[in-house]
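Letter by letter, the chains look like this.
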Amino acid sequence: MIRIENAGHRYGSQHWLFRELSVTFPSARIAAILGPNGCGKTTLLRAISRTLTLKEGIIDIDGHEGFVPQALTADQSYSAVDMVLMGRSRYLGRFSSPGRKDRERAYESIEEVGLGALAEQRYDRLSGGQRQLVLLARALASDCKVLVLDEPASALDIANQGVVLRLLLRLASSLGLTVLFTTHHPDHAIGIADTTLLMQRNGTHVCGPTGEVLTEGNLARMYGVPVRRVDVHAGEETASAIVPLHGLRSKAPDQPLVP
Ligand SMILES: Nc1ncnc2c1ncn2[C@@H]1O[C@H](COP(=O)(O)OP(=O)(O)OP(=O)(O)O)[C@@H](O)[C@H]1O
C-alpha cells in the first residue's frame, strides 16, 4: 500500500506543481500515473522513493520499495548482472560481498526480463531499452514489496513493452507486489492498471478506477488534443488503444477533470 496525504511540492519559489494530493494505492494492485510533460510525475515518484522531500504532506509505504528510474549511467566496469546485483545490497553487511544466493537471484531476475543472454555484457554498451530492462531486474532482485517505476516502457519496442506489462501483472497478481508506474501510454494504464491518477499541469488531479478516469473527455482535456478510444476484441480479451486525432485538432475546452 502507498498512502499519500496532502502532498504538495514546488522547487524553490516556483509555482506549486501539485498540492493537496491525497490518494491511496492499495496493496497487490497496479496503479498508473499519467499527465503532461512537466506536471510533476517524476517529482512525486522521487518523493515516494525518498530521494526528494516534499514541501507538504506525508507518504506511507508498507514494505520495502524498489525504484526503477527511467535511466541510470554507471561506471564502465559494470556488467549487466553487476547492476542487477546492486539490488541485493540491502541484504549484505557493510563489508561483505554478494554470495551465491545473491548471484542466483540476480541471474534469475535478469532472466525474468528476458535478458539472460546479455548478463555478462558491459552495461554501458547496452541499448537504452536493454538498460531499462536491467534496471527493472535490479529492483526485482531486491525482493521488494512495493515496485515504483518511472516510465518503464519509454525506451522499449512493442514486444518488450508487452514483456514488461505482463511481468508487472504477474508480480501484482501472483507475488502480491504493489506496483506504481508513470507512463505516457494511456493504453498501458488501460491494459493493466486498476487505479489511475491523472495529474494536470495546473496542479489539479483525478484518481479512481482506470476505466472511469481514462475517458476520451478527460484525456482530451488533459492533453488539449482530441482522442478516440478503440477497443479490439480477440476471443474473451479486449485490447484498447487511445488514438490522438492530431490531424483533426480542435482546441479542447478547458474544463475541470471529472472521473
Ligand atoms: N531539481 C529541480 N529543480 C528545479 N526544477 C525542477 C527540478 N526537477 C524538476 N523540476 C521541474 O519541475 C517540473 C516537473 O518535473 P517532473 O520531472 O516531475 O515532471 P514530469 O511530469 O515527470 O515530466 P515528464 O513527463 O516530462 O517526464 C518541470 O518543470 C521541471 O523542470
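Every chain's residues receive numbers from 1 upward, in the order its sequence appears when written. Whole-chain, interface and lining totals are the exception, using all residues; otherwise, since this is a predicted model, local features are given only for residues with pLDDT of at least 70 and side-chain atom pairs are given and counted only at 80 or more.

(A) Region of interest: the overall build of the protein chain. Here a helix means four or more residues in a row that DSSP labels H or I, a strand means two or more in a row labelled E, and each is numbered from the N terminus. Check the secondary structure of the protein chain and you find eight helices and 11 strands. The quantity called the radius of gyration is restricted to C-alpha atoms. Its globule counterpart is 2.2 Å times the number of residues to the power 0.38. Taken over C-alpha atoms, the radius of gyration comes to 19 Å for the protein chain, in line with the 18 Å a tight globule of 259 residues would show. Oriented by its inertia axes, the alpha-carbon framework of the protein chain measures out at about 60 × 45 × 35 Å. When the 259 residues of the protein chain are sorted by exposure, 37% land in the buried category. Here, residues touch in the contact sense if the C-beta positions derived from the backbone fall within 7 Å of one another. Nonlocal contacts in the protein chain, meaning residues at least 24 apart in sequence, comprise 66% of its contacts between residues at least 6 apart. Exposed residues have 12 or fewer other C-beta atoms within 10 Å of their own C-beta, buried residues have 20 or more, and residues in between are partly exposed; the C-beta atoms are placed from the backbone.

(B) Representation of the nonpolar core in the model. Counting 67 residues, the largest nonpolar core has Val 84, Val 134, Leu 136, Ala 137, Leu 147 and Val 179 as the members making the most contacts within it. The greatest single-element share of this core, amounting to eight residues, is contributed by helix α4 (residues 128-141). For the domain bounds, the source is a domain assignment made automatically or taken from a database. Of the domains in this structure, domain 1 (1-63 + 145-212) and domain 2 (73-144) are the two that each give at least three residues to this core. With near-sequence residues (within four places) excluded, Val 134 lies in contact with Ala 80, Met 83, Val 84, Leu 115, Tyr 123 and Leu 126. In plain words, the nonpolar core is the set of buried Ala, Val, Leu, Ile, Met, Phe, Trp, Tyr and Cys residues that C-beta atoms within 7 Å link up.

(C) Spatial organisation of the sheet that holds strand β8 (residues 195-199). Strand order in this open sheet of six strands is β5-β6-β7-β3-β8-β9, and the pairing throughout is mixed. Of all the strands in the sheet, just β5 (65-68) and β9 (205-209) have a single pairing partner and so form its edges. Averaged over all neighbouring strand pairs, the angle between strand axes comes to 15 degrees, with direction disregarded. Strand pairing requires that DSSP identify at least two bridges connecting the strands. Two strands pair when backbone bridges link them, and strand β6 (residues 146-149) and strand β7 (residues 178-182) are joined in this way by four bridges, in the parallel orientation. Residue pairing for β7: Val 148 is matched across the bridge by Leu 180. Contacting β3 (30-34), β6, β7 and β8, helix α1 (residues 41-48) crosses the sheet at an angle of about 150 degrees to β7. Only the stretch in contact is used when a helix axis is fitted, and all axes are lines through C-alpha atoms; the angle between N-to-C directions ranges over 0 to 180 degrees.

(D) Focus on the environment of Arg 125. Its location among the elements puts Arg 125 in the loop between α3 (100-112) and α4. Looking at Arg 125, the number of C-beta atoms within 10 Å reads 12, which means it is exposed. Expressed as a C-alpha distance, the spacing of Arg 125 and Phe 67, which sit 58 residues apart in the sequence, is 22 Å.

(E) How the structure looks around helix α8 (residues 216-223). Buried within α8 are the following residues: Asn 218, Leu 219 and Met 222. Angularly, the buried residues of α8 cover 95 degrees about the axis, an arc narrow enough to put them on a single face. Residues of α8 that are buried sit in contact with α6 (186-192), β8, β9, α7 (210-213), β10 (227-234) and β11 (237-244). After α8 finishes, the residue Gly 224 shows a positive phi value of roughly 70 degrees. Directions are taken from the helix axis to each C-beta atom, and the arc is the one they span.

(F) Inspection of the site of the ligand at higher detail. For the ligand, the full set of nearby residues is Tyr 11, Leu 17, Gly 35, Asn 37, Gly 38, Cys 39, Gly 40, Lys 41, Thr 42 and Thr 43. As a working rule, the residues Ala, Val, Leu, Ile, Met, Phe, Trp, Tyr, Cys and Pro are called nonpolar, Asp, Glu, Lys and Arg charged, and the rest polar, with Gly in that last group. Among the residues making up the shell around the ligand, the classes are represented as three nonpolar, six polar and one charged. We call a residue near a molecule or strand when the C-beta position, derived from backbone atoms, sits within 6 Å of it.

(G) Representation of the domain arrangement of the protein chain. Domain boundaries in the protein chain define domain 1 (1-63 + 145-212) and domain 2 (73-144). Look at where the C-alpha atoms of domain 1 and domain 2 centre, and you get two points 24 Å apart. Looking at the side of domain 1 that touches domain 2, the element that brings in the most residues is helix α5 (residues 158-173), giving four residues. Across the side of domain 1 that touches domain 2, the residue classes break down as eight nonpolar, one polar and two charged.

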